[in-house]
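Remarks on the overall topology
What follows is the residue order along each chain.
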Amino acid sequence: MADGILFEERGIPAAAVITDAFRRTADAMARTQGLEGYPYVAIPHPISSLSPEELRVRAEQALPEVVRLLQEEVAG
Amino acid sequence: MSQGVRTEPTREAVREARAAIEYCYEQGWTDGLPVVPPAEEFVEEFLAQVDRDPEEVIFAQEHLGRKCTVRLAAANAVMAGCRPEHFPVVLAMLEAVRDLPVSRGLFQSTTGQAVLVVINGPVRQELGFNGTDNVFSPGDRANATVGRALRLVVMNAFGIRPHTFDQSTQGTPAKYSFCIAENEEESPWEPLHVERGFREDESTVTVAWARGTMPVEQRDSKQPEHILLNIADSMSYGGGYFPSPRGHGSIVVMGPEHAQLIAEAGWSKHRVRAFLWEHFGRRAGELRRLAKAGGLDPDLPDEAFVRFAHAPEAITLIVAGARNAGVSTVCPTFVWQTVTRRIPARRM
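Let me begin by describing the structure that accompanies this report. (Residues numbered from 1 in each chain as written. Chains lettered and ligands numbered in written order. Predicted model: local features only at pLDDT ≥ 70, side-chain atom pairs only at ≥ 80, totals over all residues. Heavy atoms only, no water.)

All names here are of chain B. Tallied over the full model, the rule gives 27 salt bridges over all chains. As a salt-bridge pair, Arg 98 and Glu 95 come within 4.0 Å of each other at their nearest N and O atoms. With Arg 98 and Glu 95 both in helix H4 (residues 87–98) and three residues apart, the pair spans about one turn of that helix. For Glu 95, a relative accessible area of 8% translates into the label buried. Among the ionic pairs, Arg 288 bridges to Asp 302, the shortest N-O distance being 2.6 Å. (Salt bridge = Lys/Arg side-chain N within 4 Å of Asp/Glu carboxyl O. Helix = DSSP H or I, 4+ residues; strand = E, 2+ residues; numbered from the N terminus. Buried < 20%, exposed > 50% of the residue type's maximum accessible area, 1.4 Å probe, protein only.)

Before going further, it helps to spend a moment on the sheet that holds strand E5 (residues 204–210) of chain B. Two modes of strand pairing occur in sheets, parallel and antiparallel, and in both the strands are linked by backbone hydrogen bonds. Residue and element names in this part refer to chain B. If you walk across this open sheet you meet the four strands as E4-E3-E5-E12, and the pairing is mixed. Single-partner strands in this sheet number two, and they are strand E4 (179–181) and strand E12 (339–342). The mean inter-strand angle of the sheet, taken between neighbouring strand axes irrespective of direction, is 25 degrees. Sheet analysis places E5 next to E12, joined by four bridges and oriented antiparallel. (Pairing = 2+ DSSP bridges. Axes fitted to C-alpha atoms, helices over the stretch in contact; angles between N-to-C directions.)

Okay, the nonpolar core next. In a soluble, globular protein the nonpolar side chains are often hidden away together inside. With 70 residues, the main nonpolar core has Met 1 of chain A together with Phe 87, Val 90, Met 93, Ile 119, Phe 129 and Val 207 of chain B as its most contacted residues. Of the residues forming this core, the biggest block, nine residues, is contributed by H4 of chain B. Beyond its immediate sequence surroundings of up to four residues, Met 1 of chain A is in contact with Ala 16, Ile 18, Ala 26, Met 29, Ala 30, Tyr 38 and Tyr 40 of chain A. Membership of the second largest hydrophobic core comes to 31 residues, among which are Trp 189, Ile 227, Ala 232 and Ala 309 of chain B. (Core = buried A, V, L, I, M, F, W, Y, C linked by side-chain atoms within 4.5 Å. Contact = heavy atoms within 4.5 Å.)

Turning our eyes to something else, we now look at the environment of Ala 142 of chain B. Turning to its location among the elements, Ala 142 of chain B is positioned in helix H6 (residues 141–157). Apart from the residues lying within four places of it in its own chain, the contact partners of Ala 142 of chain B are His 86, Leu 127, Gly 128 and Phe 129 of chain B.

Now for the interface of chain B and chain A. Chain B puts eight residues into the contact, and the matching count from chain A is nine residues. Both sides together, the interface formed by chain B and chain A hides about 750 Å², and carbon and sulfur atoms give 60% of it. The tally of links between chain B and chain A comes to zero salt bridges. Taken together, the residues of the side of chain B that touches chain A break down into two nonpolar, five polar and one charged. (Buried area = accessible area lost by both parts, 1.4 Å probe. Nonpolar A, V, L, I, M, F, W, Y, C, P; charged D, E, K, R; others polar.)

Residue and element names in this part refer to chain B. The mixed open sheet is built from four strands, whose spatial order is E6-E11-E7-E10. The open sheet is flanked by strand E6 (214–217) and strand E10 (315–319), the only strands paired with a single partner. Across the sheet, the axes of successive neighbouring strands diverge by a mean angle of 25 degrees, strand direction being ignored. Contacting strand E7 (249–254) and E10, helix H10 (residues 269–278) runs over the sheet at an angle of about 130 degrees to E10.

With an omega of -5 degrees, the peptide bond between His 45 of chain A and Pro 46 of chain A qualifies as cis. Mapped onto the elements of the fold, Pro 46 of chain A is located in the loop between strand E2 (41–43) and helix H3 (52–71). Although it is not a glycine, His 163 of chain B adopts a positive phi angle of roughly 75 degrees. Its location among the elements puts His 163 of chain B in the loop between H6 and E4. The phi dihedral of Ala 291 of chain B falls on the positive side, at around 55 degrees, and the residue is not glycine. By the element assignment, Ala 291 of chain B lies in the loop between helix H11 (284–289) and strand E9 (305–307).

Here is the structure:
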């Protein structure tokens, strides 16, 4: 989250991807960086136990949202 | 107490103390236990112990936009229950933690590592740090409060608290306070700080990432190999294995009985560490059975032994505890580096 926000501050489009177990930390980081409500993509947890094929499915499911975030102007 | 005239003012003072403690809870400054209210005059007493600019930044977490100044460290040491003379140790500890590898990320890690703090040298007696019986347990103010000061700095100066930035899946009670002294008097070998190039009469603080404590029982043999194989077996438990490009480490806190039996058999500290390193690991087949073989060559035979650490230096060996039974402790970690810093003399 911090990296995504810092990229955007420097004019580099970014899309933060987390698993849904980390929502609370992601929201806290957005507040800390002064961008409450900064949007991110939350995919189902867990992922570290997935096979490469299962991980690819998750990535494909998340892709449209990632593209949308990369195209969106960030307020703040 | 026998002088009845003082009863009422004392009761009033105690009520005020309780209100001050409750105020600290309301501010979100505690680790769940009560803290000493960090009144300005208490903080000044602590600052008077060191020759440092109170506004000097000693440790920052840039990604959070947070930093710890000398003054903030003093306020948290007050809250932890330290005495003013503990403050030079607290500062040396914080600077050592700053210099640990991955000091940015591991306070927030899901693994939930704590920082083990080890005190060496004359400061142990001067300030009452315990290195003997119950060395990891509650009961000694210096150990309890100096270790706790680090946790309060992490929570208050950096804002890394449970339910937000501290993402520990389960954590460890070692996060409250994890501070021991080495039992140099009953150790048959040179103490940790001397091994690292400091003089015996210098005092140091050593810090290491650690995941808690795992006791090792071996009361049935005097043979060094038996004792050390039990310790190595505990170092090598499968669930603690974490394939890491930096390599695993381990901290061994050997009880004096074990250390003395091994030393009487003629073993040097170096030989002990080399032996532990040889046996620190698992067979490839066992790692495959545990689905922990991700980084392994698929052609490696099942019976091949996979060492977890890159060299004997990845094992930190300390002697602490009581000489009353054959018990040692392994503190698992996957970050093998540790940092030792000299504790400066107090300003008189």
